[in-house]
Structures are given as C-alpha cells and as structure tokens.
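Close look at the chain arrangement
Here is how the chains run, residue by residue.
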Amino acid sequence: MSHITQPLEYVGRPARRVDALGKVTGQAKYIADYRVPGMLHAHCLRSTMPHARIARLDTTPALQVPGVRAVITSEDFVNHGLYGFPVRDKYMLAWQKVRYVGEAIATVAADTPQAALAGAQAIVCELEPLPTLFDARRALDPDAPQVGPDRNDGQHPNLKGDHMLVRKGDAETELANCPIVLDRRYFTDWQEHAYIEPEGVLAMPTPEGGVVVYAPNQSPFINQGNLAMVLGLPANLVRVIQPTVGGSFGGKDDIIYESSAQAARLALITGRPVRMVFSREESLVASYKRDAMHMDIRLGADRDGTLRACWFRGILDSGAYASETPFTAWRASIHAMGAYRYNACDVDVYCVYTNNGYAGAFRGFGNPEVCFAVEQTVDELAEMLGMDPIDLRLKNCLRLGDETAHGQKLNESVGLIECINTVRRISDWDRRRAEYSRQTSTEKRRGIGVAIMYHGMSLGAEGADHAGATISVLPDYSVDLTSGLTDYGTGSRTVYVLIAAEELGVNPDRVHIQRPDTNTAIDSGPTVASRSTVLGGNAMRAAARNLRQTLDLAAADLLRCDPQQLVRAGEAYVGPDEEAVAWEKIVDHAREMGLILSAHGKWEAPKIVWDHHHGRGTPYMAYVYGAQVAEVEVDLRTGNTQVLHIWAVHDIGKVIFPQGAYGQLYGGITQGLGYALTEQITYPEGYIQETNFESYLIPTSVDVPEITAQFIESAYSYGPYGAKNIAEPSLVPTAPAIANAIAHATGRRVRELPMNLERVLLGHDLQPPFSRKPVEAALKIPPRSMPQTAPRVYA
Amino acid sequence: MPMFDYVRAKSVAEAVELLADTQCVSRPLAGGTDVLVQVRHTPPTFQRLVDVSRIPEMKIIERQGDEICVGAAVTYTEIIESALLRETATCLVEASRLVGGPAIANAGTLGGNVANGAACADGVPPLVCLDALAHVRNSAGARAVPVADLLSGPHETMLQRGDLITHFTFPVMPDGARSTFIKLGRRNAQAISRLNVAAAGALSSEGRVIFARVVPGSALPRLRRFVEVENMLIGERPSEALFETAGAEASRAMVAVTGRRWSTEYKEIALQGLVARALRQVFTVEN
Ligand SMILES: Cc1cc2nc3c(=O)[nH]c(=O)nc-3n(C[C@H](O)[C@H](O)[C@H](O)COP(=O)(O)OP(=O)(O)OC[C@H]3O[C@@H](n4cnc5c(N)ncnc54)[C@H](O)[C@@H]3O)c2cc1C
C-alpha cells in the first residue's frame, strides 16, 4: 500500500448527493412507477377482527371474478409461510388465526387493480372471534388471553423472546439508602414511520422457474432468504433487487417480505409479473409501528445531586407479532438508565403480545421510549434539588474512562461533556432559563429544556456484525461500487462514493454506486441500527484500498519506481521524474499487465460480549452521544405547544458527508417533534383510528422550528476516518427535551406521549368514541362484512 | 377512482341549466378539495361534476354601496390578496390564511366550504360573524338565505339538488368595528380546527360596546352566532373581567347544546380562552 499521506480531499467536504438530481427531477423510479408488459395487480384480503379463528376460507368465488388470475392463501407456502426473526411467529398469509385488524389472509392477482379488489372482496372468509388482549400491562397475567404461540420453556406465551435485563450491584438496597428517591411512571405511544413511499413490490417469474423481486427492502438478503424458504426454491433462483426507496425509518422489514412472498408466489403460479402497491390507508392499517411502552422508573440520588441508583421496569407492547421487537426491548434495556454513572442499576424490559396491530423496527429502536422517561426523571430530580438541569447532568454523565452500568469501560470517543457544554453555550441556556423562570403571564409562557442521550453503535450483541463491498473499474474508466446495505434516502450511497473516491484518489463524479442486488452485492446484514457508515464504510474503504494497491502497482511499473515514491496530483500519478500521468493511462497499463481491476472488501465489527442471564458485559462496540435543547411557547389556555427552537449537538465521530449528516439530524429532530407533540396511533378495541395524514399528524414545514446544529467529531478508532453514526440518535433526545421545556414553561409534567393539546392542558388524554369506519374505508370492506358486535374485551 | 362525467360551465345560467338536468345527477365542483377527497372512499352520489370554478360572475370581490359582495368561487388566496376584504372583513382574511396550506388555499373556495357543511369549516364562522347572505340560484329562480340558516347540521345543508351558491353579501360593519379569527388546530397547517372563533365588535365614543359578534366554530353541531354572549357584551366597557366572563358564557352555551361529550372537558376550557382572546383582540385599543 502506498504511504502517501495527504489531507482528506473528499471526505468531510461539501458534496452533492448521488441521488439528489434524480429525485428532484422526478426521474427516480419507485415501485409504483414500474410497469412491465403483462403485469398483474395484487390485492390482499385483510382481517376485520383483532383476534379470530379463520373458520372458513373459500377462495373459489374470487376466481369467478372477471380478470382474476390467481388467489393464494397460507396453503401456497412451505410450512404455511412461517417466518420471522428473532422469533418465528408470523405467516406470509395468516394460517388458522388472525391476531390483528389488517392482517393479510389471502392475496388475489388480477388484470387490473379493480379486479384484484373485487376478487379479494369475493373471497368467503368467516372469522370466529377469540378473546382479545389490548392492555399490555396485563399480558403476562396468568389468566390473560393467549395471543402468542405456545411455548414449551415454561415462559408465558404472551412474552416475546426472553425478558431483557441489566444488573449492577443491588439497586433496591442502594435506593433504600438514598436521601432522594423519585418514582415515576411514563408511557410512550405507537408511532407510524410515515415513509413517503407506501409499500410496493414487483415480482417477475424467470424462465428457469425462479423469481426476481423488486422491493424497497430493509434488507434484500433477508428477503431472499425468506423467499427461498417459503417458496421452496434454491436461493440462487431468487433474486432481490432494490429500487429507489422513498424512506423507511425501520419500516420496510417484515411487511415488505410478506408482500414480496405473496407477489412472488402469484408470479410463479400465473407466469406473469405481479405488482402489489399499498394505498396510504392500507399501509397505515397493515404495517407495523413503533411499539408503545409502559415504564416505571426510580432514581436515587444524594442531596448534592450525585446519582446513585436506577431501577426500571418496562413493558413493551409490540402487538400481535414479534418482528424485530425483542431486539428493541434489548436496546431499550441497555439505554434505560440513560448516559449516567450509577452505583447500582436494575433494569427489566418485557416485550409482550397484544392484539393492538403490531410493532417492529423504528428509528431509535427502544431508545426514544426510555430516553423520554429517564431524561424527564433526571429533570425532576434537578427541580427537587434546586439544581440547574444541565449542571446535574454534567455532574453525573458518562465521561472518557468511566464504566457504564453494564460494565463496559469507555476507552475512547466519548464526546458527551463537550456536547452538553456546547449546547449550553449556543442556546444561551443560562440566560433563557433564568428569564423564562420569571414569567407571570396566564396566556402564553415560554420554557427551555434539555435532554441528553447515548446510543450504542450498530447491532451490538444482537448478532454477527459485518459488511462487504465491491469496487471495479469499468471500460469507460468509471468506478462501479456495490454495497449490501441499502440507502432509503439516508445518504449512505453518497458516503460510499466519497470514501471510494478518497481512497482511490479519483474525482467522485467518476464513481457510481449500484443499488443492492442479491446477485451482485455481498450480504452485509440488515441495513438497521445506523450501521451503514461504519460497517459499510469500512468495507468500502477496504475494497477501495485493495483496488488502489493494484493501481499503485501498475503506476509504479509504468513510472519505473517503487510504489512508495508515487505521489498524486489530482487524479494523476506522479513518479520520480515529476511527470504527471493520467489515471486512465494507469488503468490501461494495469489492464495490459493483466491485472484485475476489481476488488472487494469486508469488515467485521469488534467482538461483543453480553451475558443475557446476568445483564452484564459490553453491549456495543462504542456509543454516539448527543444533547438537545428545546425552547417552547405553551398556550396556557389551550395546551397548544409551539417549539420555537432546537439546538442540537451530537458527537458522531468524523463527519464524512456533512450535508447528509445535517440532513439526518434535521430529519430526526422533525420526526422527534412529531413523536413529541402530534403523532398518535390509537387501537381502541384493536381498530386503528388514524389511517391517513389528516388524522396521523406529522409536522409540516411551518411546525418545524429553527434548528441550530453542531457536530462534535470525537474520533472513533474503528470507524472509517474516525466516523461513528447519526441516523437514529438524532431523534432520541427531541421529545424529552420538549417535555422538559413544557414543564419549565407550565410547571407541570406531561408523562405521556404524544404531548397533545389535551395532555398539556388537562394532564391526561381524552378518548374519542371508537369507530371501525377508518379501517373499513382503508381496506375497502363492504360494511356488512365488518363484525357488528364489539369483540369481547379482556377485563 | 370512481367514474363520473365532468363539464365546465362558462356562466351561472349555463351552470344552473346543467345542474337542473334530470337525466344526469349533477353536483357543482369548485376547487374539488372536498369532493375529490370524498369520492376516494365513498361512491359518488352524482354522475357528473359541473365545474363552476371559472365562472366570472362567481369570482367577483367588490363593494356595492353598503354591502360587500364575494363570489362563491373566490379562492382563499384571492381573499387573502384582496385589499377590500383586508379592510372590511379581517376575520375572513385571517381565516383564509389559516386554511390548509398554500395548495388548498389556491384551489379551495368559500362556496365549497359553505356547501360542504363541515362543523369545523374555517370559512363559515367569519361569514356568519359578518351576517352574510348566501345567494342561491336554481332553475326555479334565486333566493338569499343567511349563511347560518343554510347549515342544518354536520355535513348537512339546506341546499337542494340543482342549487348553486353564486355569491355572498354582507353589510359593511359599523364605523370603527374590528374583526378577528383564531384557529386552534393540532398542528400549524393542514389541520382540522379543534375549535375556532370569529369575532367582531365596535365601541361607542364613550368606550362602551355597541356592536358585538361571537361565532365559535367546531363547537356546535350547527354553527351559529352566540347571541347570548353578544348580548352580555353590549353596553359594557371592555375589560379583562368582561372578556373572561364572556368566554365562560360561551363555554356554558356550548355545553348547554352539546351536553358532555368526550371532548367537552377540553373544549370548555379552551373555548373560554379563545373567546376571551378574540374579544381582547377586537376591543383592546392599542395606544
Ligand atoms: C389537505 C386539505 C386541507 C384542508 N384544510 C382545511 C382547513 O384548514 N379549513 C377548512 O375549512 N377546510 C379545509 N379543507 C377542506 C376544503 O378545502 C374546504 O372546505 C374548501 O373550502 C372546499 O372548497 P372547494 O372549492 O374545494 O369545494 P369542492 O370540493 O369543489 O366542493 C365541496 C362541496 O361544495 C359543493 N359546492 C362547491 N361550490 C358550490 C357552489 N358554488 N354552490 C353550491 N355547492 C357548491 C360541491 O358540490 C361539494 O359538495 C381542507 C381540505 C384538504 C384536502
């Protein structure tokens, strides 16, 4: 390898997103834009009951509907299409039972979308109600209706996976000895991802008897594995290709794999391409959400504000299926005590089944939930002690060299103190805090609040953590990249292009990146946990360095020198005779030498040790940190909360693609703002009420406040160029910062999300009468086939 | 998307004739911001939409003596941009600014807002506050109906098949009168009003209330002036206590009609605050 050291040319500098132009000009094609000759349209029949036995399912009437070509049920899959990770509990189409309103039961393929819908409506499906469970806090009662599958390990069938725990010392005793103890209850509600592109898949049969599936996957390789399994095909006959994706936020996992399996089976049966695209309403009803979480937290401290103990119990309601939520529960348990030092810590999180839709992965993955609880409790502690909330945090927060509550020594890249100090300064915290504490108006008052957080990088102890990348020089001297990780709009493709350009010493305009395709890319695990920059970036860096080595060899040969004598002038190579030779010439020479101008790179994260039984170990390789300050104005007469300003300072290691990183931060704060104030999904008696954006309220451009953001680049030695990550952590502290600001403004705590008008004004939410109409309309169900009497409600 | 016919009318006469066609059930189409949302979920009850959005007679905004005339096909954007309305109908302009977002303001019309009959409509309380008349035409002739009397309940109006609202008129308010509009939604744009209030008022030279209008929206199944609140203001000197008492009276009057619903616990507090605030804006003389 060449030993030339130069300042970074592309990494960390302004760059254009590789996908920007296509998206703003409308050239980018999403699944809903794909049209292929002979394409059929698919539509699902979905459950109208939250929990029921499928007493009768007759698809023959659908086949009589003109234009209908095929209908499938769970019988059309191997083992009824059973799949799921880490808990295998879901079917590609419901088998024997349905467990939530909106669960897919059968899928029809027809010449037109109208015929497919008519076909789905013609299916005879008789559902026999089963006892329902909607209150997660009662899910593990001995007499709770069973929603989850049978377990033979003595655990309650409504528990998903194992219960998650963290233990340090004896928290009960430590709490008993604390002069100050706070005991609080918090609740965070369901959240919808609200990706701008609803679900869509296109499956094409191949002449070899296989299938090619285009889908906006969270992870094309997982989709491929599932498809091979449930279709009974060898994996090499199943190819999954990622088109442009219109956002995901964790939401394009299971629901996309299910739709893919349905479309693929229909394509194999009919021999024709089959496309299935959801309406927004169908997406909201059928898709998984962020879990709702019930939390009890106790914090113990000394009178001088030294935190001593944290006790935490969380019940994570993830609805009818597990999806990724056992992992969510694990991440929640690791972060439940917040970024602080304690003598003792005791955390338990239980992930349970109910008939409230279902939950899966969502940006932040358990941390936004627990951060809302711990960061408000810490604030209350400051209030009780008469301390400034930032001073209290500075006194207790994790620093370089500390040991976390789990027993992990933090040896490097801990920029939290710097985040807090910076956010204090740029938000003019002390002045505003003092000024707003003196208000007397009974109309509107301002408040300012802070929240801090840490967030474990990548998968941690969830499983194997590695990624691969390929790079090659094409005949036109462009450089072609592949990564097994997908870009839903996060900017990771641009990150990879910049890294490859940096390592090769070529202009980024020369570098192009494909979208993942299971036939060309290397399986890199799931695109989750904000792991693309570090995992994929390191793999891309390794691949580019491998190729660079080959090119350096060719250059040295052409310029008749030792590779170490080479320098670069722009893209050109310069040898001892000081004459610049164009990069293309070097490429030509390499080819003449018979060298192969393609390479791949792999990177594996440092080993993680976590003892699930004792709740101790090293849960993640390292952490990112952040502190956000929110300024609000609360209308004391109506509960209306305006967020005026957010200051956000995050330690994300080296910033590789600045606009991308800021974009993630602004976007995360916006999603956190919606989570804080307006986004609410309700499942009264199992029926979702919010089925479009007139009732599910994400922030508009006039709701988003001024955001002042800054990065602390506390380098992480294993990250590419010292990079860590940003995608998820950006939204984690937003809601608790706003909550703390509301408490500062009003003198009252809101301990439930979202902090809507009612909760801010009255201190509690109000329940509108529940209606099945939104679901009926969303699923286009003729009203007569909806259950006429309310299903039996547990307790 | 369901199928139906579309025809664009060039004049009121043509529109009325098309709407009267007994062979083909027709409905007016203005901005389409309600109609097109409705047909997405509910099969249309009509076979044809008669586009009235570009009929010149329905696009006027002008003063006719002591009256202001606003065409039914006037959009919110046109209302916002009208100097005449900014001067004579502040509450209507303020409401228009708070409707939906720019795209909805560019397409949505006042006539559509009234005819749609939603209890949460933002354009209707200002019209009722201004004592506006709706001028309705059909093949049998023309009639003028107070806007408040056109509304019969949530998504119900007294309009019959074949009726077309051509324009609205309202008297110019007394000298020195001011009006305002406050909207309370769950977010700052594209939000359905949880509550709104249109209010207007004027003071005598001695500083006593001689003219008062209070029209809360989203409060009652059938929108109307809160005359009981207006009456208690007349003759009084504006004060914080008066605004709060009026606000409390508005809440009481609301609950008297609606009884205690799921939202009452919230709305009775919020409405008091909004009515008091609206009156403060109308009656507080800036120095
Ligand atoms: C995203 C979005 C946001 C919105 N936000 C708001 C809001 O903030 N506040 C609010 O009040 N509304 C809001 N609306 C509703 C809607 O925009 C308004 O009610 C608008 O005024 C309707 O006018 P239009 O011209 O689009 O009516 P259309 O949809 O064309 O017509 C509505 C109804 O009125 C009838 N009609 C139309 N014109 C006449 C006429 N001249 N005579 C007789 N009948 C007629 C039609 O036949 C139809 O029944 C929103 C709608 C959307 C989609």
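For every chain, the first residue of the written sequence is number 1, and numbering continues from 1 along that sequence. Lettering for chains starts from A, numbering for ligands starts from 1, and both go in the order in which the items are written. pLDDT decides what is reported in this predicted model: residues at 70 or higher carry local features, side-chain atom pairs at 80 or more are listed and counted, and totals for whole chains, interfaces and linings draw on all residues regardless. To get the side-chain values, all heavy atoms of the structure are used, and hydrogens and water are removed first.

1. A look at the overall build of chain B
Counting secondary structure elements, chain B contains twelve helices and 13 strands. We compute the radius of gyration from the C-alpha atoms alone; for a globule the expected value is 2.2 Å times N to the 0.38, where N is the number of residues. For 287 residues, the compact-globule formula gives about 19 Å, and the C-alpha radius of gyration of chain B, at 19 Å, lands near that figure. Across its three principal axes, chain B shows a C-alpha extent of roughly 60 × 45 × 35 Å. Burial here depends on accessible area, computed with a 1.4 Å probe over protein chains only, as a share of the maximum for the residue type. Under 20% is buried, over 50% is exposed, and the range in between is partly exposed. Taking all 287 residues of chain B together, the buried fraction comes to 53%. Residue pairs at least 24 apart in sequence account for 61% of intrachain contacts in chain B once pairs closer than 6 positions are excluded. Surface exposure here means Shrake-Rupley accessible area, sampled with a 1.4 Å probe, where a residue is shielded only by the protein chains that are shown. Per element, the accessible surface of chain B, about 12400 Å² overall, is 53% carbon and sulfur. A gap of 5 Å separates the mean positions of the 30 positive and 30 negative side-chain charges of chain B. Only runs of H or I of at least four residues qualify as helices and only runs of E of at least two qualify as strands under DSSP, and these elements are numbered from the N terminus. Contact definition: two residues touch when any of their heavy atoms are within 4.5 Å. Counted as positive: Lys and Arg. Counted as negative: Asp and Glu, with His and the chain ends omitted from the count. Charged side chains are reduced to one point each, which is NZ for Lys, CZ for Arg, CG for Asp and CD for Glu.

2. A closer look at the overall build of chain A
When helices and strands are tallied, chain A shows 19 helices and 30 strands. For chain A, the spread of C-alpha atoms along the principal axes amounts to about 85 × 75 × 50 Å. Counting only residues that meet the buried cut, chain A has 65% of its 795 residues in that class. In chain A, the proportion of contacts linking residues at least 24 apart, taken out of those at least 6 apart, comes to 80%. Carbon and sulfur atoms make up 50% of the accessible area of chain A, which amounts to about 27400 Å² in all. Within chain A, the 92 negative side-chain charges are centred at a point lying 2 Å from the centre of the 76 positive side-chain charges.

3. Details of the packing of helix α13 (residues 492-504) of chain A against helix α14 (residues 532-558) of chain A
Residues and elements named next belong to chain A. In this description, a line fitted to the C-alpha atoms serves as the axis of each element, helices being fitted only across the stretch in contact, and the angle between N-to-C directions of two axes falls anywhere from 0 to 180 degrees. Closest axis-to-axis distance for the α13/α14 pair is 8 Å, and the angle between their directions is 30°. When the axes of α13 and α14 are compared, the pair comes out roughly parallel. Along this stretch, α13 crosses α14, giving a crossing that reads as right-handed. Here Ser492, Val495, Tyr496, Ile499, Ala500, Glu503 and Leu504 of α13 lie close against α14, whose contacting residues are Ser532, Thr533, Gly536, Gly537, Met540, Arg541, Ala544, Arg545, Leu547, Arg548 and Leu551. Residue classes in the contact of α13 with α14 are distributed as nine nonpolar, five polar and four charged. The labels follow the angle: roughly parallel below 35 degrees, roughly antiparallel above 145, roughly perpendicular from 65 to 115, and oblique for the rest. Left-handed is the label given to a crossing in which the near helix is rotated counterclockwise from the far helix by less than a right angle, and right-handed is the label when the rotation is clockwise. For this scheme, ten residues count as nonpolar: Ala, Val, Leu, Ile, Met, Phe, Trp, Tyr, Cys and Pro. Four count as charged, namely Asp, Glu, Lys and Arg, and the remainder, Gly too, count as polar.

4. Side note on the domain arrangement of chain B
Segmentation into domains, and thus their bounds, comes from an automatic or database assignment. For chain B, the assigned domains are domain 1 (5-51), domain 2 (56-171) and domain 3 (178-282). On a C-alpha basis, the centroid separation for the pair domain 1 of chain B and domain 3 of chain B is 36 Å.

5. Section: the packing of helix α11 (residues 240-258) of chain B against helix α12 (residues 264-283) of chain B
Each packed pair of helices is defined by two parameters, the angle between the axes and the distance between the axes. All names here are of chain B. Across the interface, α11 lies against α12 with an axial gap of 8 Å and an inter-helix angle of 140°. One element, α11, and the other, α12, form an angle in the oblique class. Once α11 is placed against α12, the crossing between them reads as right-handed. Every residue of α12 that contacts α11 at Glu240, Phe243, Glu244, Ala246, Gly247, Ala248, Ala250, Ser251, Met254 and Val255 is listed here: Thr264, Lys267, Glu268, Leu271, Gln272, Val275, Ala276, Leu279, Arg280 and Phe283. Tallied by class, the residues present in the contact of α11 with α12 amount to eleven nonpolar, four polar and five charged.

6. Some details on α13(A)
Residues and elements named next belong to chain A. To estimate how far a helix should reach, multiply one less than its number of residues by 1.5 Å. Here α13 contains 13 residues, and its C-alpha end-to-end distance of 18 Å stays within 8% of the 18 Å for a straight helix at 1.5 Å per residue. Along α13, 13 of the 13 residues are buried, which leaves the element largely enclosed by surrounding structure. Within two residues after α13, Gly505 carries a phi angle of roughly 75°, on the positive side.

7. Points about the sheet that holds strand β2 (residues 52-58) of chain A
Pairing in this open sheet of three strands is antiparallel, and the strands run β6-β2-β8 (chain A) from one edge to the other. Edge positions in the sheet fall to β6 (97-98) and β8 (124-129) of chain A, since each has one partner strand and no second. Two strands are counted as paired when DSSP detects at least two bridges linking them.

8. Description of the pattern of salt bridges
Pairs may arise between side chains of opposite charge once their charged atoms sit close together. In what follows, salt bridge is the name for a side-chain nitrogen of Lys or Arg lying within 4 Å of a carboxyl oxygen of Asp or Glu. For the structure shown, the criterion picks out 71 salt bridges over all chains. A salt bridge links A:Arg53 to A:Glu128; its shortest N-O distance comes to 3.2 Å. Residue A:Arg53 is found in strand β2, and its partner A:Glu128 is found in strand β8; the two are separated by 75 residues along the sequence. Residue A:Glu128 is classed as partly exposed on the basis of its relative accessible area of 40%. When the shortest N-O distance is used, the salt bridge between A:Asp517 and A:Arg239 registers 2.5 Å. One end of the pair, A:Asp517, is in the loop between β21 (511-513) and α14; the other, A:Arg239, is in strand β13 (residues 238-241), and 278 residues separate them in sequence. Judged by its relative accessible area of 7%, A:Asp517 is buried. When its relative accessible area of 28% is taken as the criterion, A:Arg239 is described as partly exposed. Among the ionic contacts, a cluster of salt bridges with common partners joins A:Glu443, A:Asp635, A:Arg637, B:Glu240, B:Glu244, B:Arg277 and B:Arg280.

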